[in-house]
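As a plain string of letters, each chain reads:
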Amino acid sequence: MLEVFQNLLSQTGFVTLDWKNYVMILIAFIFMYLAIVKGFEPLLLVPIAFGMFLVNMFPSIIQEGGLLYYFYKLDEWSILPSLIFMGVGAMTDFGPLIAYPPSFILGAAAQFGIYAAYFIAILMGFSGKEAAAISIIGGADGPTSIFLAGKLGMGGTLMGPIAVAAYSYMSLVPVIQPPVMKLLTTKKERLIKMPQLRKVTKMEKILFPIVVTLVVCMILPTTAPLVGMLMLGNLFRECGVVKQLTETASNALMYIVVILLGTSVGASTSAEAFLKISTLKITALGLIAFVIATTAGTLFGKLMCAVTHGKVNPLIGSAGVSAVPMAARVSQKVASQYDPTNFLLMNAMGPNVAGVIGTAVAAGSFLAIFNVK
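Residues numbered from 1 in each chain as written. Predicted model: local features only at pLDDT ≥ 70, side-chain atom pairs only at ≥ 80, totals over all residues. Heavy atoms only, no water.

Enquirer: Explanation requested: the overall build of the protein in the structure shown.
Expert: Tallying secondary structure elements over the protein gives 21 helices and zero strands in all. Its C-alpha radius of gyration of 21 Å places the protein within 12% of the 21 Å reference for a compact globule of 373 residues. By principal-axis analysis of the C-alpha atoms, the protein measures approximately 80 × 45 × 40 Å. Residues classed as buried in the protein amount to 54% of the 373 residues present. Within the protein, contacts between residues at least 6 apart in sequence are counted, and of these 78% link residues at least 24 apart. Here the protein displays about 16500 Å² of accessible surface, and carbon together with sulfur accounts for 72% of that area. Distance from the positive charge centre (23 side chains) to the negative charge centre (15 side chains) of the protein: 13 Å. (Helix = DSSP H or I, 4+ residues; strand = E, 2+ residues; numbered from the N terminus. Rg over C-alpha atoms; globule rule 2.2 N^0.38 Å. Buried < 20%, exposed > 50% of the residue type's maximum accessible area, 1.4 Å probe, protein only. Contact = heavy atoms within 4.5 Å. Areas by Shrake-Rupley, 256 points an atom, 1.4 Å probe, with all protein chains shown as cover. Lys, Arg positive; Asp, Glu negative; His and termini not counted. Charge placed at Lys NZ, Arg CZ, Asp CG, Glu CD.)

Enquirer: Honestly, a nonpolar patch on the surface in this entry has me stumped. Any pointers?
Expert: Together, Met203, Leu207, Ile210, Val211, Leu214, Val215, Met218 and Ile219 make up a nonpolar patch on the protein surface, roughly 820 Å² of accessible area in all. Note that Val211 resides in helix α15 (residues 202–219). (Patch = residues over 30% accessible without salt bridge, like charges linked within 9 Å, V, L, I, M, F, W, Y side chains within 5 Å. Salt bridge = Lys/Arg side-chain N within 4 Å of Asp/Glu carboxyl O.)

Enquirer: Sorry, what's going on with α15 here?
Expert: Given 3.6 residues per helical turn, the α-helix brings residues three or four places apart onto the same face. The end-to-end C-alpha distance of α15 is 26 Å, a good match for the 26 Å that 18 residues give at a rise of 1.5 Å each. Elements in contact with the buried residues of α15: α7 (95–99), α8 (103–109), α16 (224–239) and α21 (345–369). (Expected span 1.5 Å × (residues − 1).)

Enquirer: Where do I start with the packing of helix α9 (residues 112–123) against helix α10 (residues 128–135) in this structure?
Expert: A pair of packed helices is characterised by two quantities: the angle between their axes and the separation of those axes. The interhelical angle for the contact between α9 and α10, taken along N-to-C directions, is 140°, at an axis separation of 8 Å. Here α9 lies oblique to α10, going by the angle between them. The chirality of how α9 crosses α10 is right-handed. In this structure, α9 contributes Ile114, Ala117, Tyr118, Ala121 and Ile122 to the contact, and α10 contributes Gly128, Ala131, Ala132 and Ser135. Residues that form the contact of α9 with α10 fall into these classes: seven nonpolar, two polar and no charged. (Axes fitted to C-alpha atoms, helices over the stretch in contact; angles between N-to-C directions. Parallel < 35°, antiparallel > 145°, perpendicular 65-115°, else oblique. Left-handed = near helix turned anticlockwise from the far one by under 90°. Nonpolar A, V, L, I, M, F, W, Y, C, P; charged D, E, K, R; others polar.)

Enquirer: Can you help me understand the packing of helix α6 (residues 79–91) against α16 in this one?
Expert: Between α6 and α16, the least distance of the axes is 6 Å, while the angle of their chain directions is 35°. α6 and α16 meet at a crossing whose hand is right-handed. Residues Pro81, Ser82, Phe85, Met86, Val88, Gly89, Ala90 and Met91 of α6 touch α16, and the partners they reach there are Pro225, Leu226, Met229, Leu230, Leu232, Gly233, Asn234, Phe236 and Arg237. Looking at the contact of α6 with α16 residue by residue, the class counts come to twelve nonpolar, four polar and one charged.

Enquirer: Any chance you could explain the side chain of Thr298 here in plain terms?
Expert: Relative to the helices and strands, Thr298 resides in helix α19 (residues 277–307). In this structure Thr298 touches Met181, Leu184, Thr185, Pro314, Gly317 and Ser318, once residues within four positions along its chain are discounted.

Enquirer: What is the right way to read unusual backbone geometry from this model?
Expert: With glycine set apart, most residues show a phi of negative sign, and most peptide bonds adopt trans. Here the amide bond leading from Val324 into Pro325 is cis, since omega sits at -5°, within 30 degrees of zero. Following the sequence through the fold, Pro325 ends up in the loop between α19 and α20 (326–338). Positioned with a positive phi, Ser78 is a non-glycine residue whose angle comes to about 70°. For Ser78, a relative accessible area of 7% gives the class buried. If you check the backbone angles, His309 has positive phi at about 60° while not being a glycine. By secondary structure assignment, the location of His309 is in the loop between α19 and α20. Relative accessible area serves as the criterion here: at 73%, His309 is assigned to the exposed category.

Enquirer: So what exactly am I meant to see when it comes to the packing of aromatic side chains here?
Expert: Here the distance between the centres and the angle between the planes together describe a pair of aromatic rings. For the structure on display, the rule yields eight aromatic pairs. Both rings, one in Tyr118 and one in Phe366, keep their centres 5.2 Å apart while their planes meet at 40°; by these two values the pair is tilted. One end of the pair, Tyr118, is in helix α9; the other, Phe366, is in helix α21, and 248 residues separate them in sequence. For the pair Tyr118 and Phe366, a shared accessibility class is recorded, and that class is buried. A connected cluster of aromatic rings, assembled from ring pairs, spans Tyr115, Tyr118, Phe119 and Phe366. A cation over a ring is seen here: Arg190 above Tyr338, with NZ or CZ 4.5 Å from the ring centre. Its end group placed over the ring of Phe126, Lys281 keeps NZ or CZ at 5.9 Å from the ring centre. (Phe/Tyr/Trp six-rings, centres within 6.5 Å; stacked < 30°, edge-to-face > 60°. Lys NZ or Arg CZ within 6 Å of the ring centre and 35° of its normal.)

Next up, the structure:
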């Protein structure tokens, strides 16, 4: 009988867990607080936080044979990030980007943060592939970060910290971006009202995903899993003949994938894997990359404002990061603080959806550089 009790005791968390596990559990509770009480992207943070909580209470759940091990393999194989992109495409209206093509410039400008972070990471001692995987955090795009980290072989080392950092910064877009936007723009610029966008025809919307897939994937075939799925989902939405597929991709399937992806990402943050100096470096680099991306987008917005003689509000430039539609909403929120009648949301959606494509292209460029297929 005594042996039975000893066996039971030896398997309880009171014996098997150390202080590092309790630190990670505390971080998980902070994430839950931010998601549930503060409302910071709860669809992302709740499953991530609970996965983090679960793996630090029961570490074997992420080891081979454990439930979340198989969820995590779907991340490494790029299946879940690609399915997320299909859902995003089915939910996204590319009309604002089609109506105002210069938005592509702002989406491209925001990717400067990724490349700047890549060189900074090299200087901090990371290898080329590690630096590339870390730098993509600057796009504020969780699925792309997971996709690139998996393709570059970071699954067993850096994918967890990279994914958590990327999703955390996606959730904190409303906190991080406004101070940068206000610092770089004048009140006069923030008050600029942009004209209503032209109406985009159905034919244009149908042709857009086909043309983008053809052009981008011909230039960078490595982007096909992300860009291809993004545009497939959008074609579902715009063609008008597969309503059931559109609803499934943008609702049921999307939410199932978010549960699997978020929980597995959280479960990748065991104390042994997460509480390292490299994790602090990754977190810092991600923040630097995101701030640089916001800065570059806003500055290019100011440049477009000058070129167009005040017709472009620079605030929409910050929306060039890939966090859809959070970044566009932040542009709208900041503008409305100075003029409640200033509606920038649709104008900001152009750079925002361009940023999704831009981040995928940045990931594809790194795969091409390192000859990864």
